Amino acid sequence: MATDIKDTARAVEAASVMRLLPARPRLLALGEPTHGEETLLEVRNELFRQLVEQEGYRTVAIESDCMMGLVVDDYVTSGRGDLDEVMKHGFSHGWGASAANRELVRWMRAYNDGRPASERLRFAGFDGPLEITGAASPRQSLTALHGYLAARVEADLLPCTGETLDRLLGGDGRWTEPAAMVDPARSVGRSAEAGELRLLADDLVALLDAQTPHLLAVSSREEWDRARLYGRTATGLLRYHYGMADTSPARMTRLCALRDVMMAHNLLDLAARGLVLVHAHNSHLQREQSSMRMWQGAVEWWSAGALVSARLGEEYAFVATALGTIRHQGVDAPPPDTVEGLLYALPEDRCVIDARRLATALDDARPAPRVSPWFGYAPLDPAHLADTDGIVFVKDLPQLQRS
């Protein structure tokens, strides 16, 4: 068995990943089992560079706010803005402090310099404007959608004025109230104003769809694509806020599912425009149901990857990252009877593994699930090896200081 596993190991390169797949996928998803580790982002960066140069990939999408990501995309495509400001305002979840993310943005800007628009690399955040502690106000996306339409269609076709939206939205603090995540009564999501805004947002998206030929004639496809992003984000946020006000036992299950639905819609839109490398937590990209234990118990939902895979079939591929040690977080060498333990015994510090071949080699000798002593790291589930196209294994994560 050890020989079979060793035979599946290849260098972490784009060519190694592509050899695992029946065809070049429109969406190639690279997962990570923990956040905040620079080494994993450096692996992503190098893989993206090779995919760009060897396979024609043109977009990288990361688990970050889709609206904030527009700031980064503007910078890498046109040089608009200052790199320090872009890193500060173009990422959510604190990702802007990462040296590897900064290097990714710098490299993409340098690559694009002097190239025609059709050959430029693109950046996207594909998460909603959401944090684990709450959700953003729908103001930015809703007013941006209204503004796009108001400048291009007859006023009589608009369902409301900008002033009406502003009055119904009220102060943004109503929407971002931190206590609303654990106390539904503190959420504004089921107020009369929020209900009216959901209807108006739906009407604005319907108008955007109905006027597509005209809008594409009077604005660029880029502007129209962004307007569609505004619409998805506004309706998704209003739906999420409605869910935050839910008092039923299914509340957190619904909220987790709604977040991944927003992610999936953004990924499908990106896939319609070209080849994309997606980078996020394994749990958002895997094909099986995701699960998490929260304060109200265990929740299960279908991940963005599962939703996209159901739509795209072989045009979606998922490569999970697995780790040996994260010693600075108390995660020591894995037990030898786990998947990570078997891979840890290989001589390579980093390698790509054919997950389905590994599953076949293991046959009935299914490894034990690894148990992490640290909540921030999620080991591989050995029961789902065959649902994974490949594994990137990194033996040891050094503790790197962020710049």
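Residues numbered from 1 in each chain as written. Predicted model: local features only at pLDDT ≥ 70, side-chain atom pairs only at ≥ 80, totals over all residues. Heavy atoms only, no water.

Per an unreviewed UniProt entry, the chain goes by the name Erythromycin esterase and belongs to Streptomyces spiralis.

Across its full length, the chain carries 16 helices and 11 strands. Computed over its C-alpha atoms, the radius of gyration of the chain comes to 22 Å, within 12% of the 22 Å expected for a compact globule of 403 residues. Considering only C-alpha atoms, the chain reaches an extent of 70 × 55 × 40 Å along its principal axes. Nonlocal contacts in the chain, meaning residues at least 24 apart in sequence, comprise 78% of its contacts between residues at least 6 apart. Total accessible area on the chain stands at roughly 17400 Å², and carbon and sulfur atoms take up 50% of it. Between the averaged position of the 43 positive side-chain charges in the chain and that of its 56 negative side-chain charges there is a distance of 2 Å. (Helix = DSSP H or I, 4+ residues; strand = E, 2+ residues; numbered from the N terminus. Rg over C-alpha atoms; globule rule 2.2 N^0.38 Å. Contact = heavy atoms within 4.5 Å. Areas by Shrake-Rupley, 256 points an atom, 1.4 Å probe, with all protein chains shown as cover. Lys, Arg positive; Asp, Glu negative; His and termini not counted. Charge placed at Lys NZ, Arg CZ, Asp CG, Glu CD.)

To continue, consider the sheet that holds strand β3 (residues 122–127). If you walk across this open sheet you meet the 7 strands as β3-β2-β6-β1-β9-β11-β10, and the pairing is mixed. Only two strands of the sheet have a single neighbouring strand rather than two, namely β3 and β10 (350–353). Across this sheet, the average inter-strand angle for adjacent strands is 25°, counted without regard to direction. In this sheet, strand β6 (residues 276–281) lies alongside strand β1 (residues 27–32) in parallel orientation, the contact comprising 6 bridges. Bridging across to β6, G31 finds its partner in A280. Contacts between helix α4 (residues 69–78) and the sheet are confined to β2 (59–65) and β3, with β3 contributing the most and set at about 170° to the helix. (Pairing = 2+ DSSP bridges. Axes fitted to C-alpha atoms, helices over the stretch in contact; angles between N-to-C directions.)

This brings us to the nonpolar core. Within the largest apolar cluster, 43 residues are counted, with the highest numbers of intra-cluster contacts made by L28, F48, M108 and F123. For this core, the element with the most residues is helix α3 (residues 38–55), which contributes 6 residues. Excluding anything up to four places from it in sequence, M108 contacts F48, V60, V76, L121, R122 and F123. Counting residues in each nonpolar core, the second largest holds 37 residues, with V308, A322, V339 and I391 among its members. (Core = buried A, V, L, I, M, F, W, Y, C linked by side-chain atoms within 4.5 Å. Buried < 20%, exposed > 50% of the residue type's maximum accessible area, 1.4 Å probe, protein only.)

To continue, consider helix α16 (residues 355–362). Those residues of α16 not exposed but buried are A355, L358 and L362. Down the axis of α16, the smallest arc covering the buried residues is 60°, so these residues share one side. The backbone nitrogen of R356 has a side-chain oxygen 3.2 Å away, supplied by the residue at the start of α16, namely D354. Downstream of α16 by one or two residues, D363 has phi in the positive range, about 50°. (Arc of directions from axis to C-beta. Polar contact = N/O pair within 3.5 Å; in protein donor to acceptor, adjacent residues only side chain to side chain.)

Take the side chain of S303 next. Assignment of secondary structure puts S303 in the loop between β8 (297–302) and α14 (304–312). A polar atom in the side chain of S303 sits 3.3 Å from the backbone nitrogen of G305. Contact partners of S303, with chain neighbours within four places excluded, come to D260, S283, H284, L285, Q286, E288 and S290.

Turning next to the state of the cysteines. What the rule picks out here adds up to 0 disulfides. For the unlinked cysteine C66, the closest cysteine sulfur is that of C256, found at 18 Å. What makes C66 buried here is its relative accessible area of 2%. (Disulfide = S-S within 2.5 Å.)

What follows concerns the packing of aromatic side chains. Enumeration according to the criterion identifies 4 aromatic pairs in this entry. When the ring of F91 is compared with that of F123, the centres are 5.5 Å apart and the planes differ by 65°; the resulting orientation is edge-to-face. Within this pair, whereas F91 is found in the loop between α5 (83–89) and α6 (99–112), its partner F123 is found in strand β3, the two being separated by 32 residues in sequence. Take F91 and F123: they sit in the same class, and that class is buried. (Phe/Tyr/Trp six-rings, centres within 6.5 Å; stacked < 30°, edge-to-face > 60°.)

With that settled, consider the pairing of strand β11 (residues 390–396). With 6 of 7 residues buried, β11 lies mostly within the body of the structure. Pairing analysis gives 6 bridges linking strand β9 (residues 316–325) to β11, with the strands arranged parallel. Of the residues in β11, the one forming a bridge with T325 is D396. Note that β10 and β11 share 4 bridges and pair antiparallel.

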